[in-house]
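# Coordinate analysis (summary)
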Amino acid sequence: MNTANAKIVRRAEGEPVLAYRQVGKRFGDLVALAGVSAEVRKGEVVCLIGPSGSGKSTLLRCTNGLELIDDGEIALDGKLLPRDWNGMRRVRQRMGMVFQNFELFPHKTVLGNVTVGPRTVLRMPRAAAEKRALDLLEKVGLSNKAPSYPAQLSGG
Amino acid sequence: MNFDWSVVWRNSDALIEGTKLTIILAVTTMAIAIPAGILLALMRLSGLRVLVWGSAGFTELFRNLPLILVIYTAYYILPVATGFSFSPVITGIVALSLNVSAYNGETFRAGIASIRKGQSEAAYALGMTRWQTTRDIVLPQAVRRVLPVLASTWVSLFKDTSLVSVISVGELAYNSMRLRAQTYRVLEMLTAMAAIYWALGYPQAKLVDWINRRYAVTE
């Protein structure tokens, strides 16, 4: 392993892509997030670290609009996240999210899992979506798994 | 006791006609009751009060009334309520559909509820709409999951079509009973009827078992 690459290089500059300001979230009496402020700039890789139950997933879910925040604000590209369903849906189309247990769609093949987003959300034609998906699968060495179902894959 | 099985062969035309109608009744009812059941389940889970109550009211009414009562009621009420006179076959299909739709609604509701929340959240995270999520992610999984339940509903329905004989729909039970009364060959006709229902029902149950194994979703 080349340890030289493990050095953290901070070359992020400019305006934050994602900004959290005094974000708060409660579930009933439970305070999940209180006064969270952070910024993420272009080119930056940011790790959110904390013990189980400290609100890491909650913050991500709020960022993606799967939960609505109770206090503070979250801005993407300088614009506050919309609080309505359709506005948030358009934001999600540009924001990737990987779930803790992946949440692959078990009734779809690997190819189906990769193409369902472009096809339903971007209305990409089937052939184009599949071509792009196969190129991407090729890139990560999974093109031979395209017709497999998630249950047939090994984890990790 | 004397048996005269020739009565079955001599009347095979009526039995075959009845069997055909029985199959038509069951297939048509299910073809109506599956989309209706999905619709009822989506209404029930929509969160919109009017739809929730409409669906729940329909389901609880028709799930808890004896089917034979629904059949009689449809027979007497439908012409009055609509101003049209329906054939007994149509009336029978309406009554059967009301009953089976209510059952299917509950089946699909359970199936949809059994798909874990993360699946729809993953779809939302891709930017899919609620309807796209329901149509492409939740429903296909839910339908596969409830196939065995739909299958037993189907097997029940196939036999329950015999109840519409009370409004003189000439299906298998009605024709068998009529022949029994005309020929006085009670055991022969009942046995023939049983044999036909069983011979048709058993392979269906087996076929459904196979479909279930074939299309089961493994996680």
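To be clear, the structure that these remarks concern was listed above.
This one's a predicted model, so the numbers in the text were calculated from it and none came from an experiment.

## Notes on the nonpolar core
Among the nonpolar cores identified, the biggest contains 32 residues, and B:Leu15, B:Leu25 and B:Leu157 are the most heavily contacted of them. Sorting the residues of this core by element identifies helix H1 (6–10), helix H2 (12–45), helix H4 (67–82), helix H5 (88–114), helix H7 (130–160), helix H8 (172–183) and helix H9 (186–215) of chain B as the ones contributing at least two each. Counting residues per element, this core draws most heavily on H2(B), which supplies 7 residues. The contact partners of B:Leu25, leaving out residues within four places of it in the chain, are B:Val89, B:Ile93, B:Leu96, B:Thr161, B:Val164, B:Val169 and B:Glu171. Of all hydrophobic cores here, the second largest spans 14 residues; its members include A:Tyr20, A:Leu59, A:Ile69 and A:Val91.

## Section: the interface of chain A and chain B
Across the contact, 23 residues belong to chain A and 24 residues belong to chain B. When the two sides are added together, the surface that chain A and chain B hide from each other amounts to roughly 2000 Å², 61% of it contributed by carbon and sulfur. Viewed at the interface, chain B and chain A are joined by 2 salt bridges. Among the salt bridges present, the one from A:Arg61 reaches B:Glu121, with a minimum N-O distance of 2.6 Å. Across the chain A-chain B interface, the total number found is 8 residue pairs in polar contact (both at pLDDT 80 or more). Among the secondary structure elements, those contributing two or more residues to the side of chain A that touches chain B are helix H2 (85–92) and helix H3 (110–120) of chain A. Tallied by class, residues from the side of chain A that touches chain B come to 11 nonpolar, 6 polar and 6 charged.

## Digging into the sheet that holds strand S1 (residues 16–27) of chain A
Where strands meet in a sheet, backbone hydrogen bonds hold them as pairs that are either parallel or antiparallel. Residues and elements named next belong to chain A. Read across the open sheet, the 4 strands follow the order S2-S1-S3-S4; overall the sheet is antiparallel. Because the sheet does not close on itself, it has two edges, and the strands there are strand S2 (30–41) and strand S4 (79–80). Bridge count for strand S3 (residues 71–76) against S4 is 2 bridges, and the pairing is antiparallel. Note on S4: the bridge partner recorded for Leu76 is Lys79. Contacts from helix H1 (residues 56–63) reach S1, S2 and S3 within the one sheet, and its direction differs from that of S1 by about 115°.

Definitions and cut-offs
Residues numbered from 1 in each chain as written. Chains lettered and ligands numbered in written order. Predicted model: local features only at pLDDT ≥ 70, side-chain atom pairs only at ≥ 80, totals over all residues. Heavy atoms only, no water. Core = buried A, V, L, I, M, F, W, Y, C linked by side-chain atoms within 4.5 Å. Buried < 20%, exposed > 50% of the residue type's maximum accessible area, 1.4 Å probe, protein only. Helix = DSSP H or I, 4+ residues; strand = E, 2+ residues; numbered from the N terminus. Contact = heavy atoms within 4.5 Å. Buried area = accessible area lost by both parts, 1.4 Å probe. Salt bridge = Lys/Arg side-chain N within 4 Å of Asp/Glu carboxyl O. Polar contact = N/O pair within 3.5 Å; in protein donor to acceptor, adjacent residues only side chain to side chain. Nonpolar A, V, L, I, M, F, W, Y, C, P; charged D, E, K, R; others polar. Pairing = 2+ DSSP bridges. Axes fitted to C-alpha atoms, helices over the stretch in contact; angles between N-to-C directions.

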